[in-house]
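In case you want the letters, here they are:
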Amino acid sequence: MAKMGWMARAALVSVLLAASGAASAYTTTGNGWNTPQGVTEISAKVYDLHLLIFWVCVAIGVLVFGAMTYSIVMHRRSVHPKPADFHESTTVEIVWTVIPFLILIGMAIPAAGTLIKMEDTRGAELSVKVTGYQWKWQYEYLDQGVGFFSTLHPDSNKARQVGSGIDPTTVPNYLVEVDEPLVLPVGKKVRFLITANDVIHAWWVPDLAVKKDAIPGYVNEVWTKIDKPGTYRGVCAELCGRDHGFMPIVVVALPEEEFGKWLEARKAGQPYRLAAAAPTQAADVPPAAAAQPAPAGEQVAAAPATAASAGELSKAELMAKGEQVYKANCAACHQANGAGMAPTFPPLAGSKMANGPAEAHIAQMFTGKMMPSFRHLSDADLAAVATYERNSWGNTGSIVQPAQVAALRK
Amino acid sequence: MAHAATDNSRYFVPQPSPWPFILTAGLVAIIYGVAGYLENKHWGPVPIYAGAAIAIYIVFRWLRGVALESEGGAYNAQVDRTYRWGMAWFIFSEVMFFGAFFGALFYARQLSVPWLSGEGAELSTNQLLWPGFEKDWPTNGPGAMGGSFETIPAWGVPFINTVILLTSGVTITMAHHALKAAERLKCILWMFATVALGVCFLYLQASEYIEAYQHLNLKLSSGIYGSTFFMLTGFHGMHVTLGTIMLAVITARLMVGHFKPESHFGFEGVAWYWHFVDVVWVGLFVFVYIL
Amino acid sequence: MAHHDTHAHHDDHAHGEHHDHGHGPEKGIMRWIKTTNHKDLGTLYLFLSFTMFMIGGLMSLVIRAELWMPGLQFVDPEFFNQMTTLHALVMIFGGLMPAFVGLANWMIPMMVGCSDLALPRVNNWGFWILPFAFTLLLGTLFMPGGGPAGGWTMYPPLVLQTGNAFPFLIFAVHLMGISSITGAINVAVTILNMRAPGMSLLKMPLFAWTWLITAYLLIATMPVLAGAVTMLLTDKYFGTAFFTAAGGGDPVMFQHIFWFFGHPEVYILILPAFGVVSTIIPTFARKSLFGYDSMVYATASIAFLSFIVWAHHMFTVGMPLAGELFFMFATMLIAVPTGVKVFNWVATMWKGSMTFETPMLFALAFVFLFTIGGFSGLMLAIAPVDFQYHDTYFVVAHFHYVIVPGAVFAVIAGVYYWLPKWTGVMYNETLGRIHFWLSAIFINLTFFPQHFAGLAGMQRRVPDYAVQFTDFNVQSSIGAFGFFVSQFVMIYNFARCIWFREGMEKAPARVWEGAHGLEWTVPSPAPYHTFEEPPRLLPEGEITAAHDAYDALDRHKINP
Ligand code: HEA
Ligand code: HEA
Ligand code: CUA
Ligand SMILES: [Cu+2]
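Bear in mind that the values here come from a model prediction, so they are computed numbers and not experimental data.

1. Quick look at the site of ligand 2
Residues and elements named next belong to chain C.
Argument step 1. Around ligand 2, the structure places 35 residues, and the nearest of them are R64, H87, W152, H400 and R461.
Argument step 2. Q450 is positioned such that a nitrogen or oxygen atom in its side chain is 3.4 Å from an oxygen atom of ligand 2.
Argument step 3. R460 is positioned with one of its side-chain polar atoms (N or O) 3.0 Å from an oxygen atom of ligand 2.
Argument step 4. When residues of the shell around ligand 2 are traced back to their parent elements, those giving at least two are helix 3 (38–66), helix 4 (77–112), helix 14 (393–423), helix 15 (429–455) and helix 16 (470–499).
Argument step 5. The biggest single contributor to the shell around ligand 2 is helix 3, with 8 residues.
Argument step 6. Classifying every residue of the shell around ligand 2 gives 24 nonpolar, 8 polar and 3 charged.

2. Quick word on the domain arrangement of chain A
Residue and element names in this part refer to chain A.
Argument step 1. Split by domain assignment, chain A resolves into domain 1 (2–118), domain 2 (126–292) and domain 3 (307–408).
Argument step 2. Taken together, the contact between domain 2 and domain 3 spans 10 residues of the former and 9 residues of the latter.
Argument step 3. Counting the surface lost from both domain 2 and domain 3, the interface buries some 830 Å², and carbon and sulfur atoms represent 55% of this.
Argument step 4. Applying the counting criterion to the domain 2 and domain 3 interface returns 0 salt bridges.

3. Some details on the interface of chain A and chain B
Argument step 1. Residue-level contacts link 12 residues of chain A with 12 residues of chain B.
Argument step 2. Here chain A meets chain B over a buried area of about 910 Å², counting both sides, of which 56% is carbon and sulfur.
Argument step 3. Where chain A packs against chain B, one counts 0 salt bridges.
Argument step 4. On inspection of chain A and its partner chain B, the count reaches 3 residue pairs in polar contact (both at pLDDT 80 or more).
Argument step 5. Mapped onto the side of chain A that touches chain B, the elements with two or more residues apiece are strand 5 (189–196) and strand 8 (220–225) of chain A.
Argument step 6. It is strand 5 of chain A that provides the largest number of residues to the side of chain A that touches chain B, a total of 3 residues.

4. Here we look at the interface of chain A and chain C
Argument step 1. Facing 103 residues of chain A, the contacting portion of chain C comprises 112 residues.
Argument step 2. For the chain A face of the interface with chain C, the top three residues by lost area are A:R77, A:H87 and A:L239, together amounting to 8%.
Argument step 3. Counting every contact that joins chain A to chain C gives 3 salt bridges.
Argument step 4. Our enumeration of links across chain A and chain C arrives at 25 residue pairs in polar contact (both at pLDDT 80 or more).
Argument step 5. Where the side of chain A that touches chain C is concerned, the elements lending two or more residues are helix 1 (6–28), helix 2 (41–74), helix 3 (90–118), strand 7 (210–214) and strand 9 (230–236) of chain A.
Argument step 6. A per-element tally of the side of chain A that touches chain C places helix 2 of chain A first, with 16 residues.
Argument step 7. A per-class count over the side of chain A that touches chain C returns 61 nonpolar, 27 polar and 15 charged.

5. Looking at helix 15 of chain C
Residue and element names in this part refer to chain C.
Argument step 1. Look at helix 15: 40 Å from first C-alpha to last across 27 residues, which is about the 39 Å you get at 1.5 Å a residue.
Argument step 2. Residue L445 marks the point of greatest curvature in helix 15, where the axis turns by about 25°; the proline P449 follows within four residues.
Argument step 3. For helix 15, the N-terminal capping position is held by N428, with its side-chain oxygen 2.9 Å away from the main-chain nitrogen of T430.
Argument step 4. After helix 15 finishes, the residue G457 shows a positive phi value of roughly 115°.

6. With respect to the environment of C:G248
Argument step 1. Inspection of the secondary structure assignment puts C:G248 in the loop between helix 7 (206–237) and helix 8 (251–285).
Argument step 2. The exposure class of C:G248 is buried, given its relative accessible area of 0%.
Argument step 3. For the pair C:G248 and C:T51, spaced 197 residues apart in sequence, the C-alpha to C-alpha distance is 44 Å.
Argument step 4. Beyond its immediate sequence surroundings of up to four residues, C:G248 is in contact with B:S112, B:V113, B:L116, B:G141, B:P142 and B:I224.

7. Digging into the coordination of the iron atom of ligand 2
Residues and elements named next belong to chain C.
Argument step 1. Ligation of the iron atom of ligand 2 by protein atoms is provided by H87 (NE2) and H400 (NE2), these donors lying 2.0 Å from the ion.
Argument step 2. Coordination at the iron atom of ligand 2 is octahedral, judged from the 6 donor atoms that bind it and the angles of 88 to 179° they form at the metal. Residue H87 is found in helix 4, and its partner H400 is found in helix 14; the two are separated by 313 residues along the sequence. The residues H87 and H400 share a single accessibility class, namely buried.

8. A few points about the side chain of C:R461
Argument step 1. Along the polypeptide, C:R461 turns up in the loop between helix 15 and helix 16.
Argument step 2. There is a polar contact of 3.1 Å between the side chain of C:R461 and the side chain of C:T153.
Argument step 3. If we skip the residues at most four places from it in the chain, C:R461 touches A:E238, A:L239, A:H244, C:F80, C:N81, C:T84, C:G151, C:W152, C:T153 and C:D391.

9. Points about the nonpolar core
Argument step 1. Core analysis: the largest hydrophobic core is formed by 331 residues, its most contacted members being B:F267, C:F93, C:M154, C:W211, C:W345 and C:F366.
Argument step 2. Looking at this core element by element, the count peaks at 22 residues for helix 7 of chain C.
Argument step 3. Counting residues in each nonpolar core, the second largest holds 45 residues, with A:Y141, A:V183, A:I249 and A:L254 among its members.

10. Section: the site of ligand 1
Argument step 1. Of all residues adjacent to ligand 1, which total 32 residues, the nearest are C:W152, C:Y267, C:D386, C:H390 and C:H398.
Argument step 2. Those chains with residues close to ligand 1 are chains A and C.
Argument step 3. Within the backbone of C:A381, a nitrogen or oxygen atom sits 3.3 Å from an oxygen atom of ligand 1.
Argument step 4. With respect to ligand 1, the side chain of C:H398 contributes an N or O atom lying 3.0 Å from a nitrogen atom.
Argument step 5. Looking at the shell around ligand 1, the elements that each hand over two or more residues are helix 8, helix 11 (335–349), helix 12 (358–381) and helix 14 of chain C.
Argument step 6. Residue contributions to the shell around ligand 1 peak at 8 residues, all from helix 12 of chain C.
Argument step 7. Split by residue class, the shell around ligand 1 holds 20 nonpolar, 10 polar and 2 charged.

11. Description of the coordination of the iron atom of ligand 1
Each angle at a metal carrying four tetrahedral donors should ideally be 109.5 degrees, and each at a metal carrying six octahedral donors should ideally be 90 or 180 degrees.
Residue and element names in this part refer to chain C.
Argument step 1. For the iron atom of ligand 1, the protein contributes exactly one donor atom, H398 (NE2), at 2.2 Å.
Argument step 2. In this structure, the iron atom of ligand 1 lies 4.5 Å from the copper ion (ligand 4).
Argument step 3. The topology assignment puts H398 in helix 14.

12. Concerning the sheet that holds strand 2 (residues 136–141) of chain A
Residues and elements named next belong to chain A.
Argument step 1. Strand order in the open sheet formed by 5 strands is 3-2-1-5-8, with mixed pairing between adjacent strands. In the strand order of this sheet, the two ends are held by strand 3 (146–150) and strand 8, each with one partner. Between one strand axis and the next, the sheet turns by 20° as a mean value, whatever way the strands run.
Argument step 2. Note that strand 1 (residues 126–133) and strand 5 share 7 bridges and pair parallel. Note that in strand 5 the partner of V130 across the bridge is I194.

13. Looking at the pairing of strand 9 of chain A
Residues and elements named next belong to chain A.
Argument step 1. When you tally the buried positions in strand 9, you get 7 out of 7 residues, the bulk of the element.
Argument step 2. Pairing analysis gives 2 bridges linking strand 6 (residues 201–205) to strand 9, with the strands arranged antiparallel. The residue bridging W204 from the neighbouring strand is V235, located in strand 9.
Argument step 3. Sheet analysis places strand 9 next to strand 10 (residues 249–254), joined by 5 bridges and oriented antiparallel. Bridge pairing links T231 to V252 in strand 10.

14. Points about the pattern of salt bridges
Side-chain pairing between opposite charges can occur once the charged atoms of the two side chains come close.
Argument step 1. Counting across every chain of the model gives 22 salt bridges over all chains.
Argument step 2. A:E177 is paired through a salt bridge with A:R233; the nearest N and O atoms lie 3.3 Å apart. On the criterion of sequence distance, the pair formed by A:E177 in the loop between helix 4 (154–159) and strand 4 (182–185) and A:R233 in strand 9 is long-range, its members being 56 residues apart. In terms of burial, A:E177 and A:R233 fall into one category: buried.
Argument step 3. A single salt-bridge network, built from bridges that share partners, covers A:R160, A:R242, A:D243 and C:D76.

The rules behind these values
Residues numbered from 1 in each chain as written. Chains lettered and ligands numbered in written order. Predicted model: local features only at pLDDT ≥ 70, side-chain atom pairs only at ≥ 80, totals over all residues. Heavy atoms only, no water. Near = heavy atom within 4 Å. Polar contact = N/O pair within 3.5 Å; in protein donor to acceptor, adjacent residues only side chain to side chain. Helix = DSSP H or I, 4+ residues; strand = E, 2+ residues; numbered from the N terminus. Nonpolar A, V, L, I, M, F, W, Y, C, P; charged D, E, K, R; others polar. Domains from an automatic or database assignment. Contact = heavy atoms within 4.5 Å. Buried area = accessible area lost by both parts, 1.4 Å probe. Salt bridge = Lys/Arg side-chain N within 4 Å of Asp/Glu carboxyl O. Expected span 1.5 Å × (residues − 1). Bend = angle between axes of the 7 residues up to and from the residue. Buried < 20%, exposed > 50% of the residue type's maximum accessible area, 1.4 Å probe, protein only. Donors = N, O, S within 2.8 Å, 3.2 Å for Na, K, Ca; no water. Tetrahedral: all angles 85-135°; square planar, octahedral: opposite > 155°, others 65-115°. Core = buried A, V, L, I, M, F, W, Y, C linked by side-chain atoms within 4.5 Å. Pairing = 2+ DSSP bridges. Axes fitted to C-alpha atoms, helices over the stretch in contact; angles between N-to-C directions.

The following block contains the structure:
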């Protein structure tokens, strides 16, 4: 390669250096750099398929790039001063049309087989309805009367605020931890009925090789059959607004017996300690702490309303509860001090709506224009948070009672 | 193609022109006004009217310039072919625009509405979210958006409108023949008939809309039926309006002596456009009204 | 310096002395506002494109800065989403598409031998729409509610949550559509109607062919996009229910309509790039393009297939199985004609006599890196595996490979290649090569690690991520900043050619020794109106092989 320009040589050296740096970085990256093999029969098939296509591409790449590199080196003008003058050949054109075509058929057959398997949701033993909200997941075990919301774990949530000053590396499972995981039995075919309440989300757990869009107004079905107990993490995979990056999914797969116990405890409203299988610090899951359990099978919008008919509440009660609800739901945009973030998120401190008639305020929470709808919160929660907003940060609005909210819920 | 160069040894190159720039400025003013209106920013209608006035004026000036160039003999056969190709591609783009809305109609009828009623693999969609909803067309969806409504029967006004448009396709062809035969008066009379048919169509279409809104409770907001119905027929109506105006302009140009029997692309372009509007209507009549 | 020997090449074609019939440009700003000249408009397009590349590039730096480390350092997530959305819209509609229209404006009339594009006033209109459209679009960043943040794909219902920016987003898209359609009609008509006599379709330069097919794609799909966003507008403001289940519509319907436009759109971005590369490689390999006819047929096949693969962007929406299978197979098929192109380029180099001036370096990098992006595209096409890849950084890596070291490199290659023809002076070759190597290294550093991040589970469109993705993101961010900064080498180099020409080497008519085609028969810089009368080619019978149509054209000395 004596003739190679100095620039090309320097560039080649730095490419090699960068590549080895990158390679070492990959090996030090604990959590891998490849699609997981997963814990289901399907995920293993998908993994194999992934590698198959990958290696086919590598092989073709070696041939094409090899020929090209050879030509670049051997057919430079300094080595090969007189160009040949051939410029077409029907034979080779046919050859390099037909061969790739055959290779593709070789890939298409196993791919189609796997796809057909994946789409077969028959014979499920457990059905879970999964509903995406901005920005949390609701899980309802159909026919079991168990249901709950699952949101980003409070530790992650605290750390992820702009300028929180908390180092994410000190937060266990930063951004992939939830307050209450989805618990599933091992070895049973589980069917997910996936839908959404507001915008499109996508429910994705790589280890299960399940990714399906959650479409408002439609239900998509997928299934899985987990082979190994463990904790499997995923994320919402469809842009769903501001906190799209902050609605993780955690699935805890338990042996069948233990799952049964969990289910019983959950039905009885008792805390259940997710032990061995779940090395997650969210092991203690007091169900009461989660959002209102929604009766399974019922319509989403209707669900929270049933929990509504609480009577009159005192201002202190409303304010205390309201602060909780506010921190959990509203502070992300309107900020804890009610100052909002111009120009996108208006301040609530001094806001016309928070100081004016309550109707508009309540309506805003039901059908924000840019703001997500919060109609899935209970009347009591909405009343509390409205009261809180109307009486904090110098605001002097009226108190809002659950009945007022219920009256405006259409 | 060798002859192209022999009969035109020089290309036609137009002079620099400020019209396109000003036209754009006018359009942007309209956009500003409309966007403000949609977002309840009270800038008032001034930008819309001003922008529209500018845009209309410029379009008029521009086309007039082209017409005068053409009448002044600045164009050769190649320019003529350029306009033909240009118009053909433009109409193709319009076809694709309607294609989007026809696509929405077919999608709703063949896929989304059946799915909502539980067809295919969508049983759970129906059971969990829309229990009791049954496939039907016309429909305003499981949420019965906009409340119950009635539709416009195909064999009343829409059928008359079909006849009108098809007839207008014939009259404009007659006018074209007359023009080629250098029978200007005849041509103008046929054009009058065409314009009149266009106006009739628009009148009937408008009364149909009024009927829909006032008596049938059929509105833009009547679910997917109302959406597809009004968007398809509405955009078509807008094209008929534009087409009618162009027909009128062409007629006026005929009356002041424009166009020659052997070269009259301005006329033909408008005729193509009119036939296109006609064909779209036939599609509408079949897929929106009859089926 | 490699181009030295090109100077030895004779320029025996006297041309241009009788071409200033008062058709010179006006003076001052009005020249640019009123111009109907294809070269002026080409220049305007390229400057606009360059500006937009820089704005979109700065936005990508905001993205990369925020992703530098886990945790939210600089921007609010909402603003991050606005950056992602606008980055994509600005890059695609403001950067890449106008760049190719700019190249077409400059080169197509010269290549096919005519005076100007077919519809010069419409050409002016098509250009001047764009600065207005992007002012509207970028202005939304300062509105209450901020800019659009629903992704460039604008999926409802999310996009309907956009604030005051919403109508501006929609109308800006409408304007861009009008501009693209007028531009495309113009190019198509020029190619179909204005070719010099004797230049049959299968004898014209491949760049004209790829553009003709691109124009067809544009005219067929931009109106569909316009229809789709119009439905968004009426859904938001006029109560229609196209994308609302309660009214019988379907949010997924938007995706079908969008991708019916969106997939051909990605070939709109790459086909002209194929044309540029197919022009440059033969020049520097000093050997005719291998398989001209099959190149044309391959391009046409890609365009045809591009209309029936759209739903590969939507494998996870829950389509019926038959649909998924169909779209998977159709998508895989595209690898065949694309492969033909790649193989033909390699065969063109084979046994050539290559030199590696800057345009050639970029073109070669194109072939390598586009192919890598194509391979990851093929992986994405496999539906069951796409369930793992979809909406992760693997997709981001895929499309940046085909777009940045693919299409953008082709633009850069094209500008280096033709700039001497436009300005009449040679750029500095050493700086050109430095620019190339820096760009090539940094762009791989930016996008290669994203494959791994995506496979390991990092979803796209997020401002923050789990800590195990840190290393990949650090590398990617370093690469992005490095790539951006490297472009200043090019800016300096080009600025000298355009504004500070003293001491720069004059370019001959035939700038590159191995270059063929009508554009190299006129002086550098090319006269304001290149051919005021059609150049006369030899009677058709004497042009033997189609592939060397250019040769035939200039070997026989076009009659001015
Ligand atoms: C210039 C733009 C461009 C180009 C040319 C391509 C080319 C291809 N793309 Fe890509 N693509 C995008 C831009 C582009 N893409 C963008 C912007 C997105 C994301 C949009 C968004 O969501 O925001 C996307 C997303 C995207 C997806 C959706 C991924 C997802 O969201 O889940 C898929 C899936 O099939 C896909 C496939 C392909 C294929 C098969 C090709 C093929 O054309 C590639 C063909 C080329 C080769 C295969 C290499 C050369 C061939 C050979 C050497 C022959 C032999 C080879 C074999 C037989 C293997 N692309
Ligand atoms: C043309 C298209 C294009 C181009 C050029 C780029 C260029 C770059 N892109 Fe982007 N990108 C997209 C199209 C493009 N991108 C799209 C469609 C998306 C998806 C959006 C969505 O999810 O909705 C995306 C998303 C996207 C993401 C993911 C964001 C997210 O998911 O949240 C990231 C992250 O790193 C990124 C980074 C970059 C970087 C670092 C570059 C750098 O390469 C930028 C540096 C480039 C330049 C500075 C330009 C250099 C060129 C010149 C100087 C030209 C010279 C021209 C003339 C001489 C005329 N882009
Ligand atoms: Cu929910 Cu993204
Ligand atoms: Cu695609």
